[in-house]
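# Examining the three-dimensional arrangement
What follows is each chain in one-letter form.
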Amino acid sequence: MIYYLVSPNYINAVTFASIVFAFAITCIAIYLGQNILPRDGGRAYAINGTKSVGKPRGAGMIFILSFTVTCLLFVSFDAEIIIYLILVLAAMLSGYLDDASSSPWGELKKGLIDFVIAVMAAVTYLHYNPNTFDIALFKLTVTLNPVVYGILIVILIWVSINVTNCSDGVDGLCGTLSGVTLTSAYVLFSAFDIEPAFRHTILIIIVCILGYLWFNASPSKLLMGDAGSRAIGIFIAFTFLKLHCPLLYIPLAILLIIDGGLGLIKVSFMRFLHIKLMQNVRTPIHDHMRKNKGWSDSQVVFRFAIIQTIIAVAIIFAII
């Protein structure tokens, strides 16, 4: 790999250039392309859902394409990373087509697409990596049967896509929490000094998300839509797999999991087991905090981000 063959000064210069380029191209592309995006129709049961009516939706297509272009220009690729980028684009495209559809896609259709993408990702990961993972807090390495590990990878990816998607309901929330999670993982990649090429892609997507947040900060001018949240979700899953510590996904993305995941659990229990769970809790949790606790949108974003940051700092300190 080129990372091991050139001087650190050159690598630093390339990284610096990629950061500046990623932020600039994301902001410029969103500014120029927002008017061609589909418009949001609002969400009937979401708190303040009417505020999003008419806003450009599907901006995830723009910043994920900016991320991909930047990676193509500045990252030293191998076949594995190329496949991951293709799968991120596939998740983005499926989300964008849903964003642009006159009627929302059904849960079954989206679930099957997620499943196919997750299976392809699991096969790719196990082809290029061993069927082992580390439990970082205890300095343990676990070896699993490849089929068992593959099933667990599919579950991780499906969960990450969907909880990230469900957390996208408050201006700036999904992007901010995803940025905190990915930044935490980047710190660990740097501390362990592993996967320099993939580590570079993490830095680039963080910068592209920040470029999007420039326009999405409350009150937002546009929305990432499923195109952004689903792509970010699958990339977060790839990140913890390549960190070789997939269990760290739980603490380092715990606010995404709680915010988006409890709603999935609640609906699943009601639909499949006919059990009314958490009747007094509105989901996603960000809606509960706004409706039942009186938090403003900004309070939700800042307080969720503060909690996630504190957890991340504690985990990083314990591991390093």
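Here we summarise the structure given alongside this text. Given the structure is predicted, the values throughout are model-derived calculations rather than measurements.

### Some details on the environment of T124
- Considering the arrangement of structural elements, one finds T124 in helix α4 (residues 107-128).
- Separated by 36 residues in the primary sequence, T124 and V88 place their C-alpha atoms 13 Å from one another.
- Not counting residues up to four positions away in its chain, the partners in contact with T124 are E80, I83 and Y84.

### Here's the deal with the pairing of strand β2 (residues 140-143)
- For strand β1 (residues 132-135) and β2, the ladder comprises four bridges, and the chain directions are antiparallel. For I135, the partnering residue across the bridge sits in β2 and is L140.
- Linking two consecutive strands that pair antiparallel, namely β1 and β2, is a turn of four residues; a positive phi of about 55° is found at K139 within it.

### Focus: the nonpolar core
- Counting residues in each nonpolar core, the largest one holds 83 residues, and the members touching the most others are I157, I234, F238 and L248.
- Looking at this core element by element, the count peaks at 12 residues for helix α7 (residues 196-216).
- For L248, the contacting residues outside a window of four places in its chain are A136, L188, F240, L243, I315 and I319.

### A word on unusual backbone geometry
- Cis geometry is adopted by the peptide bond preceding P219, which originates at S218 and carries an omega value of -5°.
- As for its placement among the helices and strands, P219 is situated in the loop between α7 and α8 (225-242).
- The peptide bond linking T283 to P284 adopts the cis configuration, its omega dihedral lying at -5°.
- Residue position: P284 is located in the loop between α10 (254-272) and α11 (285-291).
- The phi dihedral of D193 falls on the positive side, at around 55°, and the residue is not glycine.
- Inspection of the secondary structure assignment puts D193 in the loop between α6 (173-192) and α7.
- Although it is not a glycine, H244 sits at a positive phi angle of roughly 65°.
- Mapped onto the elements, H244 comes out in the loop between α8 and α9 (249-252).

### Thoughts on the packing of aromatic side chains
- By the definition in use, this model includes 11 aromatic pairs.
- On the basis of an interplanar angle of 35° and a centroid distance of 6.1 Å, the ring pair of F189 and F198 is categorised as tilted. For the pair shown, F189 and F198 are each scored as buried.
- With centroids separated by 5.8 Å and ring planes inclined at 75°, the aromatic side chains of F240 and Y249 adopt a geometry described as edge-to-face. Comparing F240 with Y249, the two get one shared label, buried.
- Here a set of aromatic residues connected by ring pairs shows up, and it is made of F67, Y84, F189, F198, F235 and F238.
- When the ring centre of W105 is taken as origin, the NZ or CZ atom of K109, which lies over that ring, is 4.0 Å away.

Conventions adopted
- All residue numbers here refer to positions counted from 1 along the written sequence of the relevant chain.
- In keeping with the predicted nature of the model, local features appear solely for residues at pLDDT of at least 70, side-chain atom pairs appear and are counted solely at 80 or more, and the whole-chain, interface and lining totals rest on all residues.
- Derived side-chain values reflect all non-hydrogen atoms in the structure, with water molecules and hydrogen atoms excluded from consideration.
- What counts as a helix is a DSSP run of H or I of at least four residues, what counts as a strand is a run of E of at least two, and both are numbered from the N terminus.
- Only heavy atoms matter for contacts: two residues are in contact if any of them lie within 4.5 Å across the pair.
- When DSSP finds two or more bridges between a pair of strands, those strands are recorded as paired.
- Here the nonpolar core consists of buried residues drawn from Ala, Val, Leu, Ile, Met, Phe, Trp, Tyr and Cys, with membership extended through side-chain atoms lying within 4.5 Å.
- Note on exposure labels: buried denotes an accessible area under 20% of the residue type's maximum, exposed denotes more than 50%, and partly exposed covers the range between, all computed with a 1.4 Å probe on protein chains only.
- Here is the rule: rings of Phe, Tyr and Trp (six-membered ring for Trp) pair when centre to centre is within 6.5 Å. Planes less than 30 degrees apart are stacked, more than 60 are edge-to-face, and the remainder are tilted.
- A ring is scored as having a charge over it whenever the NZ atom of a lysine or the CZ atom of an arginine sits within 6 Å of its centre and within 35 degrees of its normal.

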